[in-house]
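Here is how the chains run, residue by residue.
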Amino acid sequence: MAQYTPMIEQYLAVKAEVPDAILFFRLGDFYEMFFEDAIKGSQALEITLTGRGGGVEDKIPMCGVPYHAADNYISRLIEQGFKVAICDQVEDPADAKGIVRREIVRIITPGTVMDGKAAGEKSGNNFIVCLAEKGLCYGLTACDLATGEFYVTTIKNSLALLTDEVNVYIPSEIIGSPSLLTSLQQDAAQWSRPALCTAWQQDNDSLMKKQFASADLKDLSEASLQSISLLLSYLNVTQKRALSHLNKIRVYEQQQFMTLDLLTRKNLELTETVRDKAKKGSLLWLLDRSMTSMGSRMLRRWIEKPLMNKAAIEVRLEAVNMLYHQLITREEIRQQLKEVYDLERLVGRIAFGNANARDLIALKTSLLQVPQLVQICFASKSATLTQLVQNIDSCADILEHIDNAILDEPPVSVKDGGMIKPGYHEYLDQLREANINGKQWIAELEMKEREATGIKSLKIGFNRVFGYYIEVTKAHIGTLSADRYERRQTLANAERYITPELKEKETLILEAQEKMVDIEYELFSELRNVIASQMSRLQKLAEIIAVMDVYQSLATVSAANRYSLPQVTEGYDLMIEAGRHPVVEEVMKQGSYIANDSMISASDGRMLLITGPNMAGKSTYMRQVALICIMAQMGCLVPAKSAIVPLLDRVFTRIGAADDLISGQSTFMVEMMDIQVMTEKATKRSLVIIDELGRGTSTSEGMSIAQAVIEFLHSQIGCKTLVSTHFHELAHLEESLLHLRNYCMAVKESGEQVTFLRKLVKGAASTSYGIYCARIAGVPDSIIERAYTLLNEFEARVAIQNTQAETAAFVQLSMFEEQDKLSKKQQKKADPRTEQIIEQVKSVDLLNMTPLQAMSFIYELKKKITD
């Protein structure tokens, strides 16, 4: 066995504790990586890989990063899905006997990032999700360690519903039992984001009971309790510190919110666009006029989880509508919120012991805005805003503590002093005075020495290695007394000396400076701990401010875009007058968006079959109906002249087509799988949207499956349904399906020019204008002309085939009639003329006839049979 040096042996012992993480091993001013970690780290961070002797013949792979810049490197590793274990010195090297003791002080994973840059302050929450399975239930716990948010729910034994709920949080890390994670990973294609999956089965019930009050845990299912216990155990092992800011469980049930599966959120572009996966162009981008990071994160949650409670929705709508009509009040709130920092993350840093003096000043600045915000809310006369701030705790005592102790512009580091205000601590003030007096004494000594020696260039300086010194150029060395001046350092052109009285004063000044720094850090830590003990108060205040911010954001957007107050009902009918797509309308600022009505009712049609060409606006129209419903249920005014919106339990969308090549599934297969989910989970209270139903297979099969799906949704489920299709032949279903109505997108034809009016009108389309769309897309004219030629030939063949079918049917019917007549007259043999007609039909070349020739042939036959 290889004999490594003691330091490498220590490294290997620590590394054995975290085999799945990259170990940052502190050596002096660097974090070093060795062996496989060095190879991985150098590749991921694009830094030089070197080698180091470790007691064996071959050099050990090694790379490192500076201690002071470690956060940036750690962030880059976390972004690539690695875990990073931080191993620091835990004893003073001066007190160490042998090698300095080192221990892992924290394990950073994608789901436990606390640093602002790595956590992505502007991109929303960074959730870690823990899953547990107990009996017929799943327990789900989601936690954002940086903000202290802690959500818990129970899901009945449905892996599909569990996947839907996991996707709501877009977690960066998922932990749970290996078997459960394996089951989830089988549906990895359904995840909104790739997530690090960590198998974890160590629970800790005692830690859970210590972290949360018994009342918070009383009504939770066994599955939920286990998921909480597993997560707290994981956080305790990785973070190795108290998690005091995790003090409130937010328990909810899925039934409290409208269910939006991943496909629906993706197709409707609620928080990001399909093409670029960017916020710009999404509903969140449009509605986010929030002034704080807290408000922006809460707005995202409201969009992804619309409410199912009519009273709760109306509470939100009252506040938004009131601010909509009060421009001055709205702007006053926005101005005050400008000075509010991210309280949730500030609280998290304080609880973790990571906050510096500037963080406390940010907290102070934020708290200073609270009294004015409260006053504005009371003056608004909004019942919702008044209730929101009725019993608000402004945390004035915390503000006072910070104001008394911390300077307005403190340094970044908490270990270099310069943070505490004069007058806050008596002994600290005495040391400061001694330090100031000492420096003044130094300046006076410099003047005194110049006069005594006559050396005008003599100066007194200081450095960290040699302390204070008297510097004299070499030309004046002979004028100094060897008895009084002791040489301290030799330079190229000068000598540095120390005198007994300077040495004595140096000791006093340096001791004062060192004590000042130590006392300031101690005072700052005490203040930070005092604030940390008030976590729950600050978190509650942060939540109130975030809600206030969302209200003003929705009101600001609604006022800017002329939205209207929806009427939310518990009935069935959905009535939208002059509805608009909110995002498309915003993007088309230079153009005029064509508004459309939507009337879906139990008595006058709950299913709309929409036909018409591409580019006419079918998909946009259907999306806008869904978005208006979602906006209403999240508590926002809607882009319409008026709207009566029923509570929807789910929205399903099948818009667009894409192959799933990895799973070996075609476009049509993907579509059918989506249809299966809709038909299985939709209820009478759902809204189902299907765009271009039945494409991806042959025309006859596509039409058949489309009709079957339409009939099932119409007759078996009875949900509100919008279906668009190119198969205008399906328009006949209006005659057989009681609740189906035909609609189409209006088109204006003028010669060869076609204008899409983007207006929904009653009736069915007669053509799809596919070749015209190809011309607009820039397809070469030769192809367009050939396509029209082929289309005419195809339509002619269809006409001939129809004529042939009609001819055959007519002849057959005529023969039956003639046979019937002969039977009645009891004739023993057929009329020779009948035999002649039959032979004539058998011998004719129908396939090569023109439509006109076919019509003429039928006329002649009819005449002969009549005669």
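Reading the values: the criteria
Residues numbered from 1 in each chain as written. Predicted model: local features only at pLDDT ≥ 70, side-chain atom pairs only at ≥ 80, totals over all residues. Heavy atoms only, no water. Helix = DSSP H or I, 4+ residues; strand = E, 2+ residues; numbered from the N terminus. Buried < 20%, exposed > 50% of the residue type's maximum accessible area, 1.4 Å probe, protein only. Salt bridge = Lys/Arg side-chain N within 4 Å of Asp/Glu carboxyl O. pLDDT = per-residue confidence, 0-100. Contact = heavy atoms within 4.5 Å. Phe/Tyr/Trp six-rings, centres within 6.5 Å; stacked < 30°, edge-to-face > 60°. Lys NZ or Arg CZ within 6 Å of the ring centre and 35° of its normal. Core = buried A, V, L, I, M, F, W, Y, C linked by side-chain atoms within 4.5 Å. Polar contact = N/O pair within 3.5 Å; in protein donor to acceptor, adjacent residues only side chain to side chain. Pairing = 2+ DSSP bridges. Axes fitted to C-alpha atoms, helices over the stretch in contact; angles between N-to-C directions. Parallel < 35°, antiparallel > 145°, perpendicular 65-115°, else oblique. Left-handed = near helix turned anticlockwise from the far one by under 90°. Nonpolar A, V, L, I, M, F, W, Y, C, P; charged D, E, K, R; others polar. Patch = residues over 30% accessible without salt bridge, like charges linked within 9 Å, V, L, I, M, F, W, Y side chains within 5 Å. Areas by Shrake-Rupley, 256 points an atom, 1.4 Å probe, with all protein chains shown as cover. Lys, Arg positive; Asp, Glu negative; His and termini not counted. Charge placed at Lys NZ, Arg CZ, Asp CG, Glu CD. Arc of directions from axis to C-beta.

Asker: Can you walk me through the overall build of the protein chain in this structure?
Answerer: For the protein chain, the helix and strand inventory stands at 31 helices and 26 strands. By residue count, 49% of the 867 residues in the protein chain fall in the buried class.

Asker: Any chance you could explain the pattern of salt bridges here in plain terms?
Answerer: Where charged atoms from two side chains of opposite charge approach closely, those side chains can pair. Tallying each qualifying case throughout the model produces 34 salt bridges. Within this structure, K364, D403, D408 and K421 form a network of salt bridges that share partners.

Asker: Where do I start with the confidence of the model for the protein chain in this structure?
Answerer: A low pLDDT means the predicted coordinates there should not be read in detail. The predicted model of the protein chain averages 87 in pLDDT, with 87% of residues at 70 or higher. Scored below 50 in pLDDT, residues 117-122 shows 13 contacts in the model against residues more than four places distant or in partner chains. This model gives residues 658-665 a pLDDT under 50, and the stretch forms eleven contacts once residues within four places in sequence are excluded.

Asker: Looking at this model, I keep getting lost on unusual backbone geometry. Mind explaining?
Answerer: What you tend to see is this: most non-glycine residues have negative phi, and most peptide bonds are trans. Positioned with a positive phi, K277 is a non-glycine residue whose angle comes to about 55°. Along the chain, K277 turns up in the loop between helix 10 (262-267) and helix 11 (283-287). The backbone phi angle of A578 is positive, close to 55°, even though this residue is not glycine. Its location among the elements puts A578 in strand 18 (residues 574-579).

Asker: Whenever I open this one, the packing of aromatic side chains confuses me. Can you help?
Answerer: The geometry of two aromatic rings is summed up by the distance between their centres and the angle between their planes. Following the criterion strictly, the structure yields 16 aromatic pairs and no others. Arranged with centres 6.1 Å apart and planes meeting at 65°, the rings of F127 and Y151 form a pair that is edge-to-face. Taken together, the residues span a long stretch of sequence, with F127 in the loop between helix 4 (116-119) and strand 7 (128-134) and Y151 in strand 9 (residues 149-156) at a distance of 24 residues. One exposure class covers both F127 and Y151, and it is buried. Members of the aromatic cluster, each reached through a chain of ring pairs, are Y4, Y11, F25, F34 and F35. A cation over an aromatic ring shows up here: R316 above the ring of W302, its NZ or CZ 3.6 Å from the ring centre.

Asker: Help me understand the nonpolar core in this model?
Answerer: Nonpolar side chains in soluble globular proteins generally cluster together in the buried interior. Residues L140, L287, L363 and I406 are the most contacted members of the largest nonpolar core, which totals 130 residues. Looking at this core element by element, the count peaks at 14 residues for helix 22 (residues 535-560). Apart from residues no more than four positions distant in its own chain, I406 is found in contact with A357, L360, I361, M419, I420, K421, F524 and L527. Among the nonpolar cores identified, the runner-up in size contains 26 residues, and C130, A132, C143 and L231 belong to it.

Asker: Can you help me understand the side chain of S598 in this one?
Answerer: Here S598 lies in strand 19 (residues 596-600). In terms of polar contacts, S598 uses its side chain to reach the side chain of Y621, at 2.8 Å. Not counting the four nearest positions on each side in its chain, S598 is found in contact with L574, M575, I576, Y621 and V625.

Asker: Help me understand the sheet that holds strand 5 (residues 84-89) in this model?
Answerer: Think of a sheet as strands paired side by side through backbone hydrogen bonds, with each pair either parallel or antiparallel. Pairing in this open sheet of six strands is mixed, and the strands run 3-4-2-1-5-6 from one edge to the other. Pairing within the sheet leaves two strands with one partner each, and these edge strands are strand 3 (50-52) and strand 6 (102-108). Strand-to-strand twist across the sheet, computed as the mean angle between neighbouring axes with direction ignored, equals 40°. Two elements, strand 3 and strand 4 (residues 60-66), share three bridges in a ladder whose sense is antiparallel. Looking across to strand 4, one finds that G51 is bridged to P61. The sheet contacts of helix 2 (residues 35-45) involve strand 1 (22-27), strand 2 (30-34) and strand 4, and relative to strand 4 the element is tilted by about 50°.

Asker: I would appreciate a short explanation of the packing of helix 16 (residues 357-368) against helix 19 (residues 396-405) in the present structure.
Answerer: Relative placement of two packed helices is described by the angle separating their axes and the distance separating the axes. In the contact formed by helix 16 and helix 19, the axes pass within 9 Å of each other and the chain directions differ by 135°. Classified by the interaxial angle, the pair formed by helix 16 and helix 19 is oblique. The two elements helix 16 and helix 19 cross, and the hand of that crossing is left-handed. Of helix 19, the residues touching helix 16 (which contributes L360, L363, K364, L367 and L368) are I398, L399, I402 and D403. Class assignment for the residues of the contact of helix 16 with helix 19 results in seven nonpolar, no polar and two charged.

Asker: Just to check I follow, could you spell out the pairing of strand 4 for this structure?
Answerer: Every other side chain in a regular strand lies on the same face of the sheet, so the side chains alternate between the two faces. With five bridges joining them, strand 2 and strand 4 adopt antiparallel strand pairing. Among the inter-strand pairings, F34 is bridged to a residue of strand 4, identified as M62.

Asker: How should the sheet that holds strand 9 be read in this particular structure?
Answerer: A sheet is described by the order of its strands in space; here six strands give the open sequence 11-10-7-8-9-12, paired in mixed fashion. Each edge of the open sheet carries a strand with a single partner, namely strand 11 (196-199) and strand 12 (250-251). Strand direction decides the pairing type here: strand 9 and strand 12, joined by two bridges, are parallel. Bridge pairing links Y151 to R250 in strand 12.

Asker: What is the right way to look at the environment of S603 in this model?
Answerer: As for its placement among the helices and strands, S603 is situated in the loop between strand 19 and strand 20 (607-611). Measuring from C-alpha to C-alpha, the distance between S603 and L738 comes to 9.6 Å, with 135 residues separating the pair along the chain.

Asker: Hey, could you run me through a negative patch on the surface in this one?
Answerer: On the surface, E511, E514, D518, E522 and E526 cluster together into a negatively charged patch. Residue position: D518 is located in helix 21 (residues 500-532).

Asker: Even after reading the chapter, I still don't get the environment of P306, so can you show me in this structure?
Answerer: As for its placement among the helices and strands, P306 is situated in the loop between helix 12 (293-304) and helix 13 (310-324). Separated by 48 residues in the primary sequence, P306 and M258 have C-alpha atoms spaced 5.3 Å apart. Once residues within four sequence positions are removed from consideration, P306 is found in contact with Q256, F257, M258, L260, I630, Q633 and M634.

Asker: Just to check I follow, could you spell out helix 1 (residues 6-15) for this structure?
Answerer: Since the α-helix packs 3.6 residues into each turn, any two residues three or four apart lie on the same face. The set of residues buried in helix 1 consists of M7, I8, Q10, Y11, V14 and K15. Within helix 1, the buried residues cover an arc of 155° as seen down the axis, which keeps them to one side.

Asker: What am I meant to see in the side chain of S380 here?
Answerer: Summarising the element assignment, S380 is placed in the loop between helix 17 (370-379) and helix 18 (383-388). Judged by its relative accessible area of 1%, S380 is buried. Each residue touching S380, except ones within four places of it in the same chain, is listed here: M322, Q326, T329 and L385.

Asker: Any chance you could explain helix 15 (residues 343-352) here in plain terms?
Answerer: The buried fraction of helix 15 is high, at ten of ten residues. For helix 15, the set of buried residues is L343, E344, R345, L346, V347, G348, R349, I350, A351 and F352. Just downstream of helix 15, G353 is the residue with a positive phi angle, here 80°.

Asker: Mind showing me how you'd approach the environment of V583 here?
Answerer: Looking at the secondary structure, you find V583 in helix 23 (residues 582-587). When its relative accessible area of 7% is taken as the criterion, V583 is described as buried. Residues V583 and K280 lie 303 residues apart in sequence; the distance between their C-alpha atoms is 9.8 Å. What V583 contacts, discounting residues up to four positions off in sequence, is G281, S282, L283, W285 and L286.

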